[in-house]
Amino acid sequence: MIVGVIGAGQLAKMMALAGLPLGMTFVFLDPASNACAGVAGELITGAYDDPALLRELAVRADVITFDFENVPEDSISALSDRVACLPSARALGVSQDRLREKTLFNEIGIPTAKFAPIDSLADLESAVAVIGLPAILKTRRLGYDGKGQVMLLCEEGLAAGWEAVSGAPSILEAVVPFRRELSVIAVRGRDGETRFYPLSENTHRDGILRIAASRPGDQATDEARELVSRLLDELDYVGVLALELFDTESGLVANEFAPRVHNSGHWTIEGAQTSQFENHLRAVCGLPLGDTSAVWDVVMLNIVGEVPETAAMLSVPGAHLHLYGKEARPSRKVGHVTVRSVDGVELDTAVRGLLALPGLG
Ligand code: AMP
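Scope of this entry: the structure provided in the associated data block. All of these numbers come straight from a predicted model, not from anything done at the bench.

Before going further, it helps to examine a nonpolar patch on the surface. Together, Met151, Leu153 and Val175 make up a nonpolar patch on the protein surface, roughly 290 Å² of accessible area in all. Locating leucine 153 in the fold gives a position in the loop between strand S8 (149-152) and helix H7 (158-164).

And the structure:
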C-alpha cells in the first residue's frame, strides 16, 4: 500500500514511522525540500495546491491523506475522483473555516462559545454589543497555535483589534470560563466502525499546546464521546479526528476540530495499545482498527522553540524522546517527550524533572 501524504511535517513523519512496519510506503508533498518526514519516505517538493503535483501524488498513491489542513478543499474534491482522499474534502473544508465549523457544531447540537461573523469594524462593534467583553477575535482561516487571534478587552481596543487581524474575515467569540481544556481523539473506519481514545487533558501557554496528559476514565468521557460521534457521523468521516473542548461548569463546549492526527494524541505512541498514527493509517487504508485503550498513565510535553541536551532529557527516568528533525525557532514545536507510569516511574517527579529543562513546559 502506497500512502500519499499532503504535508511532510512531524505528523506525517510519525504516521510513516507507524505505517512502515505494516508494510506501507509513503510519498509526501511539501513545499520545503528539507521537510522532516522526508527521511521516512519519498518527498515531492512543491506547493500543496499545485494541480500537477497533486495529480502526480494521485497517480503514485493508493490513498491520500494529510498532515496539514490548509490545502484548498477544491483541489481535494477534484482529486477524490481519481483516488481515495481521506478524510474527505468536506471535513477538510469545514475545519479550515471557523465560521463554517462553529455553525456546523451548533446545527448538530455541539455547544460552542457564543460567536458572530465579522467582516467589518461595524460588524465588530455590533457583535460586541451582543457578545460582550472580553471576547476573542479570530480570523476565519489560517489561524493555529494562537496565531490570527486577538483578545479584546475594552471598547476602545476594537479598531486596533480589527487592524491586528488585518481586516480579514473573522469571527468574534465569547471567552469561555473553562476549568480545563480537554480533547477527544476518535478514529472511524471506512465501514463506520468508531473507536475513542481516553481523553487528553491539555495545558496551553501563549496559545501553544505544552502538555497533554492521558485521562482514562475521566468523568467527561461519555459527554465528549457523544459530541465527537455527532461530528464523525455528520461528516461520514474516515480517519483520526480530534475535537478540542473546554470543560466548564455547565458541561463541555467545543472549540475546534482537526481532521487529522493531533498533538494532544502523541502520548498514544507509548501509552495506548495502538497509536493514533497507526489507527489513522488503518482507517484510511480500509484495515481493521486497533485497540485504543491506554496501557499506562502518560504525560506528553512538547519541546517548543529550543531543544535541551538530549542526554538531559533521557536522564529523566521513563522519558521517551521524539525529536522531529526541525530547526529550532521561537514558538516552533520541534519535538516532544513522553513519560509513562511504568516500572515504578513517578509521573509527577519525571514531569517536574522535564519542566526544569529549556523548551519544555
Ligand atoms: P485556538 O486557536 O482556537 O485553538 O485557540 C488556542 C487556545 O486559546 C485555546 O486552546 C485556549 O487556550 C484559548 N482559547 C481559544 N478560544 C477561547 C475561548 N473562546 N475562550 C477561552 N479561551 C480560548
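According to the stated counting rule, one finds four aromatic pairs in the structure shown. With centroids separated by 6.1 Å and ring planes inclined at 55 degrees, the aromatic side chains of phenylalanine 105 and phenylalanine 257 adopt a geometry described as tilted. Separated by 152 residues along the polypeptide, phenylalanine 105 in helix H5 (residues 98-107) and phenylalanine 257 in strand S15 (residues 251-258) bring together distant segments of the chain. For the pair phenylalanine 105 and phenylalanine 257, a shared accessibility class is recorded, and that class is buried. With 4.9 Å between their ring centres and 5 degrees between their planes, phenylalanine 178 and phenylalanine 246 make a pair best called stacked. With phenylalanine 178 in the loop between strand S9 (170-174) and strand S10 (180-188) and phenylalanine 246 in strand S14 (residues 239-248), this residue pair connects regions lying 68 residues apart in the sequence. Above the plane of the ring of tryptophan 296 lies arginine 340, whose end atom (NZ or CZ) is 4.1 Å from the centre.

It is worth spelling out the sheet that holds strand S6 (residues 115-118) at this point. Spatially, four strands are ordered S6-S9-S7-S8 in an open sheet, and the strand pairing comes out antiparallel. Taken across any chain shown, the strands that pair with only one partner, and hence form the sheet edges, are S6 and S8. Across the sheet, the mean angle from the axis of one strand to that of its neighbour is 25 degrees, orientation sign disregarded. Examined bridge by bridge, S6 and S9 share four bridges and lie antiparallel to one another. By the bridge assignment for S9, phenylalanine 115 is matched with glutamate 173. Where helix H6 (residues 121-131) meets the sheet, its contacts fall on S6, strand S7 (135-139), S8 and S9, and the angle it forms with S6 comes to roughly 170 degrees.

Rules of the game
- Residues numbered from 1 in each chain as written.
- Predicted model: local features only at pLDDT ≥ 70, side-chain atom pairs only at ≥ 80, totals over all residues.
- Heavy atoms only, no water.
- Patch = residues over 30% accessible without salt bridge, like charges linked within 9 Å, V, L, I, M, F, W, Y side chains within 5 Å.
- Areas by Shrake-Rupley, 256 points an atom, 1.4 Å probe, with all protein chains shown as cover.
- Salt bridge = Lys/Arg side-chain N within 4 Å of Asp/Glu carboxyl O.
- Helix = DSSP H or I, 4+ residues; strand = E, 2+ residues; numbered from the N terminus.
- Phe/Tyr/Trp six-rings, centres within 6.5 Å; stacked < 30°, edge-to-face > 60°.
- Buried < 20%, exposed > 50% of the residue type's maximum accessible area, 1.4 Å probe, protein only.
- Lys NZ or Arg CZ within 6 Å of the ring centre and 35° of its normal.
- Pairing = 2+ DSSP bridges.
- Axes fitted to C-alpha atoms, helices over the stretch in contact; angles between N-to-C directions.
- Contact = heavy atoms within 4.5 Å.

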